[in-house]
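Listed below are the residues making up each chain.
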Amino acid sequence: MTDSPRPRDTRTALVDRWRDTLLAVRSGATGPDPLPYAENLLARWDEPQRRYHTTAHLTAVLDRIDTLAGYAADVQAVRLAAWFHDAVYRPDRTENEERSAALAERALPEAGVGDAVTAEVARLVRLTVTHDPAEGDGNGEVLCDADLAVLAGSPQEYAAYAAQVREEYGFVPDEAFRAGRAAVLRQLLALPRLFRTPHGAAEWEARARHNLATELELLGSTSGPQ
């Protein structure tokens with residue numbers, strides 16, 4: 001994966017999506033200007049330590065939220081949560097989701113978002129720790145399904161995703177990474193359902209489980225003598 005600049009049209013599209021979402025949740029209130037908030041968030045998503053958790057991931061999650069929008073009680077809050085869910089990302093730390101939620105709690109009121117929507121966005125961001133929304137939590141189901149949909153890519157897409165994750169954890173020795181990654185894969189496979197929306201269950205569940213099981217098998221085959 002290269003570190004080449006993001007194409008201008010892609011950046012512009014993301015800025016437009018942020019502006020449209022922010023204006024929708026502000027219910028017609030004027031100011032402050034949405035652009036500085038978009039620039040701050042995009043700068044975070046462009047940080048050099050990222051290989052998978054980049055603006056490409058943000059765009060993919062937003063696109064999947066569009067696909068799943070009909071299942072959400074407040075799709076605009078879900079879209080805002082997508083913007084913040086990996087806004088703070090350091091692969092060597094474990095509190096990224098909490099820090100991202102706290103960022104939303106600081107930034108959104110400044111940007112003119114009301115308390116109820118801000119609280120819902122922060123709740124949704126924190127939910128991405130487990131990707132295990134409660135039954136009937138439509139907003140949580142949509143965000144979690146959109147975030148996990150990468151698991152249901154084609155074999156080539158999934159391999160690229162797995163390679164990017166390994167790059168982000170390049171500071172971790174191979175044996176330790178294999179053990180940690182295998183634990184994550186087993187945790188996901190142990191969930192009764194990876195996807196909670198009807199669309200996710202029908203379109204993504206089987207393929208995602210196949211990809212996870214295949215990666216887990218490959219990790220075992222490269223771990224050397226036991």
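Thresholds, definitions, all that
Residues numbered from 1 in each chain as written. Predicted model: local features only at pLDDT ≥ 70, side-chain atom pairs only at ≥ 80, totals over all residues. Heavy atoms only, no water. Helix = DSSP H or I, 4+ residues; strand = E, 2+ residues; numbered from the N terminus. Contact = heavy atoms within 4.5 Å. Areas by Shrake-Rupley, 256 points an atom, 1.4 Å probe, with all protein chains shown as cover. Lys, Arg positive; Asp, Glu negative; His and termini not counted. Charge placed at Lys NZ, Arg CZ, Asp CG, Glu CD. Phe/Tyr/Trp six-rings, centres within 6.5 Å; stacked < 30°, edge-to-face > 60°. Buried < 20%, exposed > 50% of the residue type's maximum accessible area, 1.4 Å probe, protein only. Lys NZ or Arg CZ within 6 Å of the ring centre and 35° of its normal. Core = buried A, V, L, I, M, F, W, Y, C linked by side-chain atoms within 4.5 Å. Salt bridge = Lys/Arg side-chain N within 4 Å of Asp/Glu carboxyl O. Polar contact = N/O pair within 3.5 Å; in protein donor to acceptor, adjacent residues only side chain to side chain.

**Description of the overall build of the chain**
Logical step 1: Scanning the chain from N- to C-terminus turns up eleven helices and zero strands.
Logical step 2: In the chain, the order of α-helices and β-strands from amino to carboxyl end is α-α-α-α-α-α-α-α-α-α-α.
Logical step 3: Seen through its principal axes, the chain has C-alpha atoms that stretch 65 × 40 × 30 Å.
Logical step 4: By sequence separation, contacts in the chain at least 24 residues apart represent 65% of the contacts at least 6 residues apart.
Logical step 5: About 11000 Å² of surface is accessible on the chain, with carbon and sulfur atoms providing 55% of the total.
Logical step 6: Each charge sign in the chain was given a centre, from 25 positive and 35 negative side chains, and these centres are 2 Å apart.

**Notes on the packing of aromatic side chains**
Logical step 1: Taken as a whole and judged by the stated rule, the model has seven aromatic pairs.
Logical step 2: Taken together, a centroid distance of 6.0 Å and an interplanar angle of 35° make the contact between Y169 and F171 tilted.
Logical step 3: A relative accessible area of 26% means that Y169 is categorised as partly exposed.
Logical step 4: According to the relative accessible area criterion, F171 is partly exposed, its value standing at 49%.
Logical step 5: Site record: aromatic cluster; members linked through ring pairs are W18, W83 and F84.
Logical step 6: Over the ring of W45 we find R50; its NZ or CZ atom is 5.3 Å from the centre of that ring.

**Quick word on the environment of G200**
Logical step 1: With respect to the helices, strands and loops of the structure, G200 is situated in helix α10 (residues 198-203).
Logical step 2: Considered as a pair, G200 and A38 are 162 residues apart in the sequence and their alpha carbons are 29 Å apart.
Logical step 3: Not counting residues up to four positions away in its chain, the partners in contact with G200 are D145, F195 and E205.

**Let's talk about the nonpolar core**
Logical step 1: Formed by 64 residues in total, the largest nonpolar core has its most connected members in W18, I65, W83, F84, L108, V121 and L151.
Logical step 2: If one sorts the elements of this core by residue count, helix α4 (residues 75-84) sits on top with eight residues.
Logical step 3: With sequence-adjacent residues up to four places away left out, L151 is seen in contact with Y158, Y161, L188, R207, A208, N211 and L212.

**Notes on the pattern of salt bridges**
Logical step 1: All told, the structure shown has 19 salt bridges when counted by the stated rule.
Logical step 2: Among the salt bridges present, the one from E98 reaches R126, with a minimum N-O distance of 2.8 Å. Note that E98 is positioned in helix α5 (residues 96-110) and R126 in helix α6 (residues 115-127), a separation of 28 residues in sequence.
Logical step 3: In this structure, R181 engages E215 in a salt bridge whose closest nitrogen and oxygen atoms are separated by 2.8 Å. Linking R181 in helix α9 (residues 174-190) with E215 in helix α11 (residues 205-221), this pair joins segments that are 34 residues apart in sequence.
Logical step 4: On the accessibility criterion, E215 (11% relative accessible area) is buried.
Logical step 5: Each of R17, D63, D66 and R79 takes part in a single network of salt bridges with overlapping partners.

**Topic: the side chain of R196**
Logical step 1: Looking at the element boundaries, R196 is found in the loop between α9 and α10.
Logical step 2: Here D132 takes part through its side chain, which lies 2.3 Å from a polar atom of the side chain of R196.
Logical step 3: Residue contacts for R196: discarding those within four places in its chain leaves D132, P133, E141 and D145.

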